[in-house]
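# Descriptive structure summary
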Amino acid sequence: MSLPSTSSVKGHNQCRKKKEGTYLMDVGQFAKAYVGQKQVDYSLVGTDYDLPEALDYMECTAVEYNDAYYYAKLGCSSAGGLKVLAYTDEYCTVEVGTNIGLYNDIKISFNVCQTCVSWPAESSDDDASAGDDEEEDEIELDDNFENYHMYDSKLCGAAAQYQQSCGWGCKKEVKKGLSSSGSSSKHAWGGFEKFCLFFWSVTAIALIWVVLKQRRMMSREDAIVEEAAMNGVGLKKRHVFPLALGIVFFVLFAMFMVWKKLTWLLLIGTNVGLFAHFVFLRRKAKKSGAGGDGYVKDAGLEIS
C-alpha cells in the first residue's frame, strides 16, 4: 500500500511516482484508520461521517444466523475490496462461503491515491455574512491551524505505525490482484500492441534477410573500407554476431518483462538501423556497379 504525503492529488500518479514502498497492513486497522480520516475530513466542513457497522467485526466475533452459530470478521473479498467473511472457528481461520446476512458498509476505493490530509475550503466574503446558525457550524481556523493540521493524518499515521514488509511473493500477489481488477493495462500487452510486436519482429527478420543478400554484392574495395571503419571504433567482424544475439535477447527479455518503452526502443531502433544499413549498401552497390540501367538485381528481385 502506498499513501501520499500531501493533500494535492491529481489523478493517481503522485502515489506511483513518490511512493515509499509497498507494505502490508491489517484489514481492520486500515479500515479503522480510513474511517477515522473520513470523520476528520467531514468535521472540517461541518458535517458528520456515520460510523459503519462493519467496524464491529474488526476482530473475530461470534454471530447467530438462522439458528446456527458462526464467527465473522472483516476481510478481503476475492473480487477486490472488503467483505465481512464467515468462519466456523473462534480464531477465524476456517472460512465458509455461507451468507450470514452481514455486509460491508465501508466504501473504500482501492487502487487510487488516498489523501493524507484534507483542508477545509476557505470561506468567501459572502459566506462571512451568513446567519448566526451557520456561523456556529463553521470551523474556526487560527493562524497555527495549518502548522498543526499538516501532520494530523489518521490514515497515513496508522499506515506508518502498522505497516508490515511486503516481500517478493507479496508484491507478486499485488500485481496479480491489480491484473484481475483491470488496473494493470500497463503491465500486460494489449491486442494492438501484440500485433505491433509481431509486425515489427517480422519486419526485422525480413530486413536482416535483405541486408545479408545485399552484402553479398559488395565489392572487395567496399568490404575493405567497411572493415577499416569497424577497426577504427574497436569493433571486429567476429563481434557482430554476439552483438546481434545480445540485441535479440534483450528484446525478448523486455517483451517478457513487459518493459514497453525499452521494447519499442530496441525493436523499432533495430528496424531503423537495418533499413538505414540496407539503403547505404544499396547506394554503394549502385555507385560501384553502375552501368547499363543502373539497377541491382538480387535473387531475382529487382530493387530500383
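A brief look at the structure comes next. Within each chain, residues carry numbers counting from 1 in the order of the written sequence. Given that the model is predicted, a residue must reach a pLDDT of at least 70 before its local features are reported, and side-chain atom pairs must reach 80 or more before they are shown or counted; all residues, however, enter totals for whole chains, interfaces and linings. As a convention, hydrogens and water are excluded, and side-chain values are obtained from all of the structure's heavy atoms.

## Details of helix H10 (residues 240-256)
Keep this limit in mind: Where helices and strands are cited, they refer to DSSP runs of H or I of at least four residues and of E of at least two residues respectively, numbered from the N terminus. In a helix, the anticipated span is given by 1.5 Å times the number of residues less one. Partly exposed residues are those whose accessible area sits between 20% and 50% of the maximum for their type, while under 20% is buried and over 50% is exposed, using a 1.4 Å probe and protein chains only. The directions from the helix axis to the C-beta atoms form the arc being described.
For H10, spanning 17 residues, the distance from its first C-alpha to its last is 25 Å, which sits close to the expected 24 Å at 1.5 Å a residue. Here H10 has its buried residues at Val251, Ala254 and Met255. Angular distribution of buried residues about the axis of H10 spans 105 degrees; they occupy a single face of the element. The exposed set on the far side of H10, more than 90 degrees from its buried face, consists of Phe241, Phe249, Phe250, Leu252 and Phe256. Immediately beyond the C-terminal end of H10, within one or two residues, lies valine 258, with a positive phi of roughly 55 degrees.

## Some details on the nonpolar core
Under the convention used in this document: Nonpolar core, defined: a set of buried Ala, Val, Leu, Ile, Met, Phe, Trp, Tyr and Cys residues in which side-chain atoms within 4.5 Å join the residues together.
Among the nonpolar cores identified, the biggest contains 25 residues, and Leu74 and Ile106 are the most heavily contacted of them. Counting residues per element, the ones that place at least two in this core are helix H2 (27-43), strand E3 (68-76), strand E4 (82-87) and helix H6 (154-162). Broken down by element, the residue count for this core peaks at six residues, all from H2.

## Describing the pattern of salt bridges
Should their charged atoms come close, side chains of opposite charge can pair. Threshold: For salt bridges, the criterion is a side-chain nitrogen of Lys or Arg within 4 Å of an Asp or Glu carboxyl oxygen.
This structure, assessed with the given rule, holds one salt bridge. Linking lysine 260 and glutamate 193 is a salt bridge whose minimum nitrogen-to-oxygen distance equals 3.3 Å. With lysine 260 in helix H11 (residues 260-288) and glutamate 193 in helix H8 (residues 191-215), this pair connects stretches of sequence that are 67 residues apart.

## Description of the state of the cysteines
Let me state the cut-off plainly: The rule for a disulfide is simple: a pair of cysteine sulfur atoms within 2.5 Å.
As enumerated under the stated definition, the model contains one disulfide in all. In this model cysteine 60 forms its disulfide with cysteine 92; the gap between the sulfur atoms is 1.8 Å. Between cysteine 60 and cysteine 92, the disulfide has an S-S torsion of 85 degrees and is therefore right-handed. Placement of cysteine 60 in the loop between H2 and strand E2 (61-65) and of cysteine 92 in the loop between E4 and strand E5 (95-96) is noted, with a sequence separation of 32 residues between them. Using a relative accessible area of 27% as the deciding quantity, one classes cysteine 60 as partly exposed.

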